[in-house]
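Reading the structure
The residues making up each chain are set out below.
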Amino acid sequence: MRIGVVAPGRPVDPVVATRAGAFAAIAYPEVELVFHPQCFLSEGHFAGPDAARAAALVEVANDPGYDAVWFARGGYGSNRLLAQVMPQLAPAAARKIYAGYSDMGFLLGALYARRIGRPCHAPMATDINRAGGDATVARTLGWIARGDPQGLEPDLGQRPAAAFNLSILHALTGTPFLPDLTDHVLLIEEVSEPLYAVDRMLFTLAHATQLKGVAGVRLGAVSDIVANDPPWGETLETMILRWCGEMGVPYLGRARIGHTQDNHVVPFGIA
């Protein structure tokens, strides 16, 4: 199995890429992990200019020699590629798994909206650099290479599901790149935001006309919270229960996703 790695956002440290490749070679010998040279470009914030990042993604997605596209890391930028990339995807792109999270939710959402391939909210290649990162990236590699269910979020159930970083879901709302999530369980997570900003984004989620028909909401990790001044007066559970009430959907509890070592795989649709 050949897995192509691209970086639609920020560049990849070559040392970290080498670590991910070495782990894959040992733990998943049936996998050939190929980092596209674009991953190591640098132009300001980004792993190369928009055109180079878009071209790398289209190249790997459309190449029938690859079985999956694994996004290397997060970092702002993938949304800038959507208008260029989506019209160029060929039939070979529809036969691939696409795995990533955080800012890559822009691409996962746009792919799912067009029913292209199998998008999955999942650990990325550079998560190898986390404490316990071997176990983290093994969830994605095991799912892609072997269909191993051990890496899946353990409480997905029988309903279709989709998972997003809340900031990315908020940014997708009102655009043609947000998929129809009717009858889906929606899993959300967040990182590096103050709780007032989380509350504000939950307001959008609760009242977005595009999200009417969601079957329920689950909350993943909300990590590295930026302190409020004065301190925020509500718990996360209180906030999400209140907004789910306004949305008219059940709150279905916590989920093991997020910007942490415990991030698990959520295939869009039914696992």
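See the structure printed just above.
For the structure given in this document, a descriptive report is provided here. Predicted model, so just to flag it, every value in this text is computed and none were measured.

Things to note about helix 8 (residues 236-247)
Its 12 residues give helix 8 an end-to-end C-alpha distance of 16 Å, which sits within 8% of 16 Å, the value for a rise of 1.5 Å per residue. Looking only at helix 8, the buried set comprises L236, M239, I240, W243, C244 and M247. Viewed along the axis of helix 8, the buried residues span an arc of 125 degrees, placing them on a single side of the element. Each element contacted by the buried residues of helix 8 is listed here: strand 7 (185-191), helix 7 (195-207), strand 8 (216-223) and strand 9 (251-254).

Remarks on the packing of helix 1 (residues 14-27) against helix 5 (residues 133-146)
Look at helix 1 against helix 5: their axes get within 11 Å of each other, and the N-to-C directions meet at 55 degrees. The angle between helix 1 and helix 5 falls in the class oblique. Seen along the crossing, helix 1 lies across helix 5 with a hand that is right-handed. Taken together, the residues of helix 5 that come into contact with helix 1 (itself represented by F23, A24 and A27) are D134, V137, A138, L141 and R146.

Here's the deal with the pairing of strand 3 (residues 68-71)
Residues A68 and W70 point to one face of strand 3 and V69 and F71 to the other, with burial holding for every one of them. Here strand 1 (residues 2-6) pairs with strand 3 via 4 bridges, running parallel. Bridging across to strand 3, G4 finds its partner in V69. Judged from the 3 bridges that link them, strand 3 and strand 4 (residues 97-100) form a sheet pairing that is parallel. Bridge pairing in strand 4 links A68 to I97.

Focus: the sheet that holds strand 1
Within a sheet, adjacent strands bond to each other through the backbone by hydrogen bonds, running parallel or antiparallel. If you trace the 6 strands from one edge of the open sheet to the other, you get 2-1-3-4-5-10, paired in mixed fashion. Two strands in the sheet have a free side with no partner beyond their single neighbour: strand 2 (32-35) and strand 10 (266-267). Where strand 5 (residues 118-121) lies against strand 10, 2 bridges are found, and the strand directions are antiparallel. The partner of H121 across the bridge, within strand 10, is V266.

Section: the pattern of salt bridges
Applying the stated criterion to the full structure yields 11 salt bridges. The salt bridge involving R53 is made with D50; its shortest N-O contact spans 2.9 Å. Of this pair, R53 and D50 are both found in helix 2 (residues 50-62), 3 residues apart, which corresponds to roughly one turn of the helix.

Brief notes about the packing of aromatic side chains
Going through the model one piece at a time under the given rule, you end up with 6 aromatic pairs. Note on F46 and Y76: the rings are 6.2 Å apart at their centroids and 45 degrees apart in plane angle, and the pair reads as tilted. In this pair, F46 sits in the loop between strand 2 and helix 2 while Y76 sits in the loop between strand 3 and helix 3 (82-85), placing the two residues 30 residues apart along the sequence. Their ring planes at 70 degrees and their centres at 5.7 Å tell us that F203 and W243 sit as a pair that is edge-to-face. Here W243 lies in helix 8 and F203 lies in helix 7, a separation of 40 residues in the sequence. An aromatic cluster is present here, built from Y112, F164 and F268 joined pairwise through their rings. Sitting over the ring of Y66, R2 keeps its end group 4.2 Å from the ring centre. Positioned above the aromatic ring of Y112 is the side chain of R115, whose terminal nitrogen or guanidinium carbon lies 4.2 Å from the ring centre.

Considerations on the pairing of strand 5
Examined bridge by bridge, strand 4 and strand 5 share 4 bridges and lie parallel to one another. The residue bridging Y98 from the neighbouring strand is P119, located in strand 5. In this fold, the crossover linking strand 4 to strand 5 by way of helix 4 (residues 105-113) has right-handed handedness.

A short note on the side chain of N228
Looking at the secondary structure, you find N228 in the loop between strand 8 and helix 8. Within the structure, the side chain of N228 is placed 3.2 Å from the backbone nitrogen of L195, a separation counted as a polar contact. With sequence-adjacent residues up to four places away left out, N228 is seen in contact with P194, L195 and Y196.

Thresholds applied
Residues numbered from 1 in each chain as written. Predicted model: local features only at pLDDT ≥ 70, side-chain atom pairs only at ≥ 80, totals over all residues. Heavy atoms only, no water. Helix = DSSP H or I, 4+ residues; strand = E, 2+ residues; numbered from the N terminus. Expected span 1.5 Å × (residues − 1). Buried < 20%, exposed > 50% of the residue type's maximum accessible area, 1.4 Å probe, protein only. Arc of directions from axis to C-beta. Contact = heavy atoms within 4.5 Å. Axes fitted to C-alpha atoms, helices over the stretch in contact; angles between N-to-C directions. Parallel < 35°, antiparallel > 145°, perpendicular 65-115°, else oblique. Left-handed = near helix turned anticlockwise from the far one by under 90°. Pairing = 2+ DSSP bridges. Salt bridge = Lys/Arg side-chain N within 4 Å of Asp/Glu carboxyl O. Phe/Tyr/Trp six-rings, centres within 6.5 Å; stacked < 30°, edge-to-face > 60°. Lys NZ or Arg CZ within 6 Å of the ring centre and 35° of its normal. Right-handed = clockwise from strand over helix to strand, strands pointing away. Polar contact = N/O pair within 3.5 Å; in protein donor to acceptor, adjacent residues only side chain to side chain.

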